[in-house]
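# Residue-level structure breakdown
Read off the chains here:
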Amino acid sequence: MLGRLASQRLREIRQVFRGLPQHIDSPDNNPDLPWEFTDTNKEKAKEILSHYPSNYKQSAVIPLLDLAQQQNGGWLPVSAMNHVAKVIEVAPIRVYEVATFYSMFNRTKVGRYHLLVCGTTPCMIRGSREIEEALLKHLGVKRNEVTKDGLFFCWRNGMHDNNIGTGYFCVLLLHNTLLSTTEDVTPNRVVEIVEALKRGEKPP
Amino acid sequence: MGLGQLASRALFRSTRLASSKPQLLLRRAIVSTPDLHNSGAAAAEAQPEPDLPKRNPVAGARVHFPNPDDVIEVFVDGYPVKIPKGMTVLQACEIAGVDIPRFCYHSRLSIAGNCRMCLVEVEKSPKPVASCAMPALPGMKIKTDTPLAKKAREGVMEFLLMNHPLDCPICDQGGECDLQDQSMAFGSDRGRFTEVKRSVVDKNLGPLVKTVMTRCIQCTRCVRFATEVAGVQDLGMLGRGSGEEIGTYVEKLMTSELSGNVIDICPVGALTSKPFAFKARNWELKGTESIDVTDAVGSNIRIDSRGPEVMRIVPRLNEDINEEWISDKTRFFYDGLKRQRLNDPMIRGADGRFKTVSWRDALAVVAEVIHQVKPEEIVGVAGKLSDAESMMALKDFLNTMGSNNIWCEGNGSNPNADLRSGYIMNTGINGLEKADVFLLVGTQPRTEAAMVNARIRKTVRATNAKVGYVGPPADFNYDHEHLGTGPETLTELSEGRHPFYSALSNAKNPAIIVGAGIFGRNDKDAIFSVIEKIAKNINAVRPDWNGLNVLLLNAAQAAALDLGLVPQSEKSIENAKFLYLMGADDENLDKLPNDAFVVYQGHHGDRGVYRANVILPASAFSEKEGTYANTEGCAQTTVPAVPTVGDARDDWKIIRALSEVAGVRLPYDSLSAIRSRISTVAPNLLNVDEREAAAFSTSSLRPEVKEKMDNSAPFGTAVENFYMTDSITRASKIMAQCSASLSKK
């Protein structure tokens, strides 16, 4: 029984919000959809490629994937990965390998705001579970789900963000390039933050 | 695929033409000072022999020293060994006779170093060293049997077995599994893992490769094979940590023609043969070493059979021809040997239906008809899969009857068998590795001879060789330049006008490969003369290097031309009244007169039987002992692996019996007798397993050709469907599945 719970836990944690190591075609994520860098991003891509030797274009895969992810609203469809593969002149599978390796490359749709609640032991002692519950109840979603308007939430286990390291609560927000943390929250504060985000303001 | 397979890897190429002397490693005596001063005493003492037993390299591997000055000495378990510089510790240990366990290392793939099973202890090194990746330095003391090394192996094995499912009873690899063998030999007897094992979703790689990815130990051999040898970058390692999976990420089938080799390469049962799944265990199977006949490469195979049934085909090591790989067609066409077999002689009755008769009646009927026909109306066609003995018998029989209208399928109606160098691969398949520029004319090696293509790819990858291709647009798994589609490109090349010509003329070892599809063209002599002109201009034909090659399509073509199966007239089919098809299914019989009497002697009821009047059942290549010459002129013999079907007989025996019934008894009664007959015609066919190079080159001896090339006809594809090329593959269900799902549209 414990074993089953443990494996379930493992699956929950490691799971879907980033994408399985297998791609399943869906109407909004399949190789036939055309995808290209925007013109500004094409310039940025060229600039990125200039950092690396011309016969080792594949070294630029990570910055280019990051650029593609930002262009695509926080996640990488398979057609974006194929396009990056064409830009750096490698087989697509090599790009897939890199994208599945790194946890910050999301291969399924994430919401505009990606909220993570730290669940490590120190934060748990200070009540992160209640914060998580409050957040979930307020948003009306379960863990690793996207709300109707694209707010997204997940509970990260064992993540000590390097900004924090203080052992306080932290709620990490990822919004395209916005990477900010708010620490030392209470359940009420969390709801305030979410409302602020809904209104489009940056929380303090 | 256990340690036995490990042990049977030849380390280095033993060049067959004995150009470099292999140096067998002998025990080296330790002498401390050169015996200048007391030569007498030293001689009397002989040499102080350390009491170590003589070590032989693993599996009789031979070491090739490319640069005799660059030799270093290392000590393996106290035993000194001389190795060329640049070898890894694992290779040094292999030469010293010590077999180090490994999962991810493969001698023909790049080094990965991720399994850590090959850890050995090296003096002065703080940690055990991954011997597959560590280059051996001079004076290194390598220890493979110390407690540290043993503990390392046990630990690695324990880790590997942690997430490995308990599938041995249902896993096809049981009995030939590297993991099983190495855990028995090097692992500990108990594990300490009490948690839940991870499991992985199975991937669909096609109708040939069955995947149970839970068993995968992430050695990445298949990934490296697919990228390096097969040239299709389909597989990759996705995810990380314990969640790593080998897959294609998107749903993609492995369409490469070498995809079946990952089955051999995978050390565990993650990638296994789908047609062979759950059919047999490897200890039930009897292996027979034989030769593949689906194409002209003559890959060495081992036919594993259980009783009368061929269960699977696996490759045999042959450094000069197919290394360790075989194409998918070779590997999986064996189920065609069980279907559509002809097992009784049949005669077509007056109502058009076949009736089974006895041999005596069938032969009597044939003999009767053949005597009623004029000699020049007798025609014989040898099929793609005919062996040299039967072709010799057929030719002798027809000649005794007064006819010389005999040819082999695929050679065209007017073959030129005068000079051997005009129809074989003069460079040798192994020699292609020395070429630096390739010119492929009218040939798509990927579908015609997959192993030759693998060799070209190996060369292109290793030395960045340039490849120019003249023919219809085709799929290649290496970089190539598409120079043109027809003979006009050849004219441009011969006159030096084409931009690729500069690459050709600057090449040290240019190789021109002409496809045998050109044999069917009317202007083939003109094309060959233009190609010879190109060869002369770029100095491709020299005493030390003959770069002008012909890539044949069928297993029987080279032997047929060696034996002289050249028809008297080109129009033999139109005037034939008696046609003897010996396994010939792809011959165009449109022009055959309606009253011609056709005898079909073969093993499958393929296209040839539709027009036949008499059917004589023969045995297939897996059931007879026959000599086949491959496209480079190397004669090899098949060995009967299974008994033949029904009342079928060997081809040459049928013809010998027919000759007796017809009254023109051929003078041989046994295999050795017919082989001595062959020795009078083409003695190179009896030099089994040795490549006999052609003595004269065509460029100097061929007469001038008056005709012009037909520039309006571009080169075509000789092999339309890779999976269905002869009677056995057309009868195979697996090939039909492959053709439906894997053929490139």
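These numbers were taken from a predicted model, which means no experiment stands behind them.

Moving on, we get to the overall build of chain A. Regarding its fold elements, chain A presents eight helices and four strands. Of the regular secondary structure in chain A, the N- to C-terminal order runs α-α-α-α-α-β-α-α-β-β-β-α. Evaluated residue by residue, chain A yields a buried proportion of 45% over its 204 residues. Here the contacts in chain A between residues at least 6 apart in sequence split such that 63% fall between residues at least 24 apart.

On to the overall build of chain B. What chain B contains, in helices and strands, is 21 helices and 26 strands. Expected size for 745 residues packed as a compact globule is a radius of gyration near 27 Å; at 28 Å, chain B falls within 12% of this value. Viewed in the frame of its principal axes, chain B has a C-alpha envelope of about 85 × 60 × 60 Å. The buried share of chain B, taken over its 745 residues, is 59%. When contacts within chain B are restricted to residue pairs at least 6 apart in sequence, long-range pairs at least 24 apart make up 71% of them. Element-wise, carbon and sulfur atoms account for 51% of the exposed surface of chain B, whose accessible area totals about 30,100 Å². Distance from the positive charge centre (87 side chains) to the negative charge centre (91 side chains) of chain B: 3 Å.

Quick look at the interface of chain A and chain B now. Tallying the contact residues gives 18 residues for chain A and 19 residues for chain B. Taken together, the two surfaces of chain A and chain B that pack against each other cover about 1,600 Å², and 57% of this comes from carbon and sulfur. Counting the surface chain A buries against chain B, the share from its top three residues, P21, Q22 and I93 of chain A, is 32%. Connecting chain A to chain B are five residue pairs in polar contact (both at pLDDT 80 or more). Only α1 (2–13), α4 (78–88) and α5 (92–101) of chain A provide two or more residues apiece to the side of chain A that touches chain B. Class assignment for the residues of the side of chain A that touches chain B results in nine nonpolar, five polar and four charged.

Next up on the list: the sheet that holds strand β12 (residues 309–315) of chain B. Within a sheet, neighbouring strands are paired by backbone hydrogen bonds and run either parallel or antiparallel to one another. All names here are of chain B. Overall, antiparallel pairing links the three strands, which are arranged β10-β11-β12 in an open sheet. In this open sheet, the two strands that pair with only one neighbour each are β10 (286–291) and β12. Going across the sheet, the axis of each strand differs from the next one's by a mean of 30°, ignoring polarity. Relative to β12, strand β11 (residues 300–306) runs antiparallel, the two sharing six bridges. Across the sheet, the residue bridging to R306 is E309, located in β12.

This part is about the sheet that holds strand β18 (residues 466–470) of chain B. Residue and element names in this part refer to chain B. An order of β19-β18-β17-β20-β21 is seen for the five strands of this open sheet, with the pairing classed as parallel. Pairing within the sheet leaves two strands with one partner each, and these edge strands are β19 (481–484) and β21 (548–551). Looking at each pair of strands side by side, their axes are set apart by 25° on average, direction ignored. Of the pairings in the sheet, the one linking strand β17 (residues 437–441) to strand β20 (residues 510–515) comprises five bridges and is parallel in character.

Before going further, it helps to examine the pairing of strand β2 (residues 79–84) of chain B. Residues and elements named next belong to chain B. A large share of β2 lies buried, amounting to five of its six residues. Strand direction decides the pairing type here: strand β1 (residues 71–76) and β2, joined by six bridges, are antiparallel. Within β2, the residue paired with V76 across the bridge is Y79. Linking two consecutive strands that pair antiparallel, namely β1 and β2, is a turn of two residues; a positive phi of about 55° is found at D77 within it.

The positions that UniProt labels "domain: 4Fe-4S Mo/W bis-MGD-type" (unreviewed entry) are, in the present scheme, residues 285–341 of chain B. From the first C-alpha to the last, residues 285–341 of chain B spans 23 Å; its make-up is 9% helix and 35% strand.

This part takes up the packing of helix α3 (residues 61–71) of chain A against α5 of chain A. All names here are of chain A. The geometry of α3 relative to α5 is characterised by a closest axis approach of 11 Å and an angle of 75° between their N-to-C directions. The angle between α3 and α5 places the two elements in the roughly perpendicular class. Contacts between α3 and α5 involve V61, I62 and L65 on the former and, on the latter, V95, V98 and A99. Of the residues that constitute the contact of α3 with α5, the class distribution is six nonpolar, no polar and no charged.

Let us now look at the pattern of salt bridges. All names here are of chain B. In the structure shown here, the tally under the stated rule is 49 salt bridges over all chains. Its salt-bridge partner being E257, residue R446 comes within 2.8 Å of it at the nearest N-O pair. Of this pair, R446 sits in helix α11 (residues 445–448) while E257 is found in the loop between β8 (245–247) and α7 (261–265), placing the two residues 189 residues apart along the sequence. The closest approach of N and O atoms between K524 and D525, which form a salt bridge, is 3.8 Å. The class of K524 is buried, set by a relative accessible area of 6%. One continuous salt-bridge network, built from bridges that share partners, spans R108, E319, E323, E324, E433, R455 and K458.

Residue and element names in this part refer to chain B. The geometry of helix α13 (residues 487–494) relative to helix α15 (residues 524–537) is characterised by a closest axis approach of 9 Å and an angle of 30° between their N-to-C directions. The angle between the axes of α13 and α15 places the two elements in the roughly parallel class. The handedness of the crossing between α13 and α15 comes out as left-handed. In this structure, α13 uses L490, T491, L493 and S494 to contact α15, whose residues at the interface are I527, V530, I531, K533, I534 and N537. Split into classes, the residues belonging to the contact of α13 with α15 amount to six nonpolar, three polar and one charged.

This paragraph deals with the packing of aromatic side chains. The final tally for this structure, using the stated rule, is twelve aromatic pairs over all chains. The interplanar angle of 70° and the centroid separation of 5.4 Å between the aromatic rings of W35 of chain A and F37 of chain A together place this pair among those described as edge-to-face. The buried category is assigned to W35 of chain A, whose relative accessible area is 14%. The exposure class of F37 of chain A is buried, given its relative accessible area of 4%. Judged by centre distance (5.8 Å) and plane angle (15°), the ring pair of F333 of chain B and F621 of chain B falls under stacked. Taken together, the residues span a long stretch of sequence, with F333 of chain B in the loop between α8 (328–332) and β13 (346–348) and F621 of chain B in the loop between β24 (614–617) and β25 (627–629) at a distance of 288 residues. An identical accessibility class is assigned to F333 of chain B and F621 of chain B; each is buried. Ring pairs connect the aromatic residues F101, Y102 and F105 of chain A, which therefore count as one cluster. Against the face of F101 of chain A rests R240 of chain B, its NZ or CZ located 4.8 Å from the ring centre.

Model confidence for chain A is summarised by a mean pLDDT of 73, while 61% of its residues fall at 70 or above. Counted against residues more than four places away or in other chains, residues 158–167 of chain A, with its pLDDT under 50, gives 17 contacts.

Every α-helix carries 3.6 residues per turn, so stepping three or four residues along brings you back to the same face. Turning to helix α5 (residues 178–186) of chain B, its buried residues are D178, L179, Q182, S183 and F186 of chain B. Buried positions in α5 of chain B, seen along its axis, are confined to an arc of 120° and lie on one side of it.

Each value, and the rule that gives it
- Think of each chain on its own: its residues are numbered from 1, step by step along the sequence as written.
- Labels are handed out in written order, letters beginning with A for the chains and numbers beginning with 1 for the ligands.
- Where totals are concerned, whole chains, interfaces and linings use all residues; where local detail is concerned, this predicted model gives features only for residues with pLDDT of at least 70, and gives and counts side-chain atom pairs only at 80 or more.
- The side-chain quantities take in all heavy atoms of the structure and omit both hydrogens and water.
- Numbering of helices and strands starts at the N terminus; helices are DSSP runs of H or I of at least 4 residues and strands are runs of E of at least 2.
- Burial classification: accessible surface area is computed with a 1.4 Å probe over protein chains only, and a residue below 20% of its type maximum counts as buried, one above 50% as exposed, and the rest as partly exposed.
- For this analysis, residues touch if any pair of their heavy atoms sits within 4.5 Å.
- We take the radius of gyration over the C-alpha atoms and set the globule estimate at 2.2 Å times the residue count to the 0.38 power.
- Residue exposure ignores everything except the shown protein chains as possible cover, and the areas themselves are Shrake-Rupley values with a 1.4 Å probe.
- Just so you know, the count uses Lys and Arg for positive and Asp and Glu for negative, and it drops His and the chain ends.
- Charge placement uses NZ in Lys and CZ in Arg. For Asp and Glu, CG and CD serve respectively.
- Buried area is calculated as the accessible area (1.4 Å probe) missing from two parts once they are joined, with the contributions of both summed.
- Polar contacts, as counted here, are pairs of nitrogen or oxygen atoms within 3.5 Å of one another; within protein the pair requires one atom able to donate a hydrogen and one able to accept it, and residues that are adjacent in sequence qualify only if both atoms are side-chain atoms.
- For this classification, the nonpolar set comprises Ala, Val, Leu, Ile, Met, Phe, Trp, Tyr, Cys and Pro, the charged set comprises Asp, Glu, Lys and Arg, and every other residue, Gly included, is treated as polar.
- Any two strands between which DSSP finds at least two bridges are classified as paired.
- Where helices are involved, their axes are fitted lines through C-alpha atoms of the stretch in contact, as for all axes, and angles between N-to-C directions lie from 0 to 180°.
- UniProt positions are given in the numbering used here, feature names are shortened, and annotations may be inferred rather than shown by experiment.
- Roughly parallel means an angle under 35 degrees; roughly antiparallel means over 145; roughly perpendicular covers 65 to 115; every other angle is labelled oblique.
- One side-chain nitrogen of Lys or Arg within 4 Å of one carboxyl oxygen of Asp or Glu is enough to make a salt bridge.
- By convention, the crossing between two helices is left-handed when the near helix turns anticlockwise from the far helix through less than a right angle, and right-handed when the turn is clockwise.
- A pair of Phe, Tyr and Trp rings is counted when the ring centres sit within 6.5 Å of each other, with Trp represented by its six-membered ring. The angle between the planes then sorts it: under 30 degrees is stacked, over 60 is edge-to-face, the rest tilted.
- We call a charge positioned above a ring when the Lys NZ or Arg CZ atom is no farther than 6 Å from the ring centre and deviates by at most 35 degrees from the ring normal.
- Each residue carries a pLDDT score, the predictor's confidence in it, ranging from 0 to 100.
- The reported arc concerns the directions from the helix axis to the C-beta atoms and nothing else.

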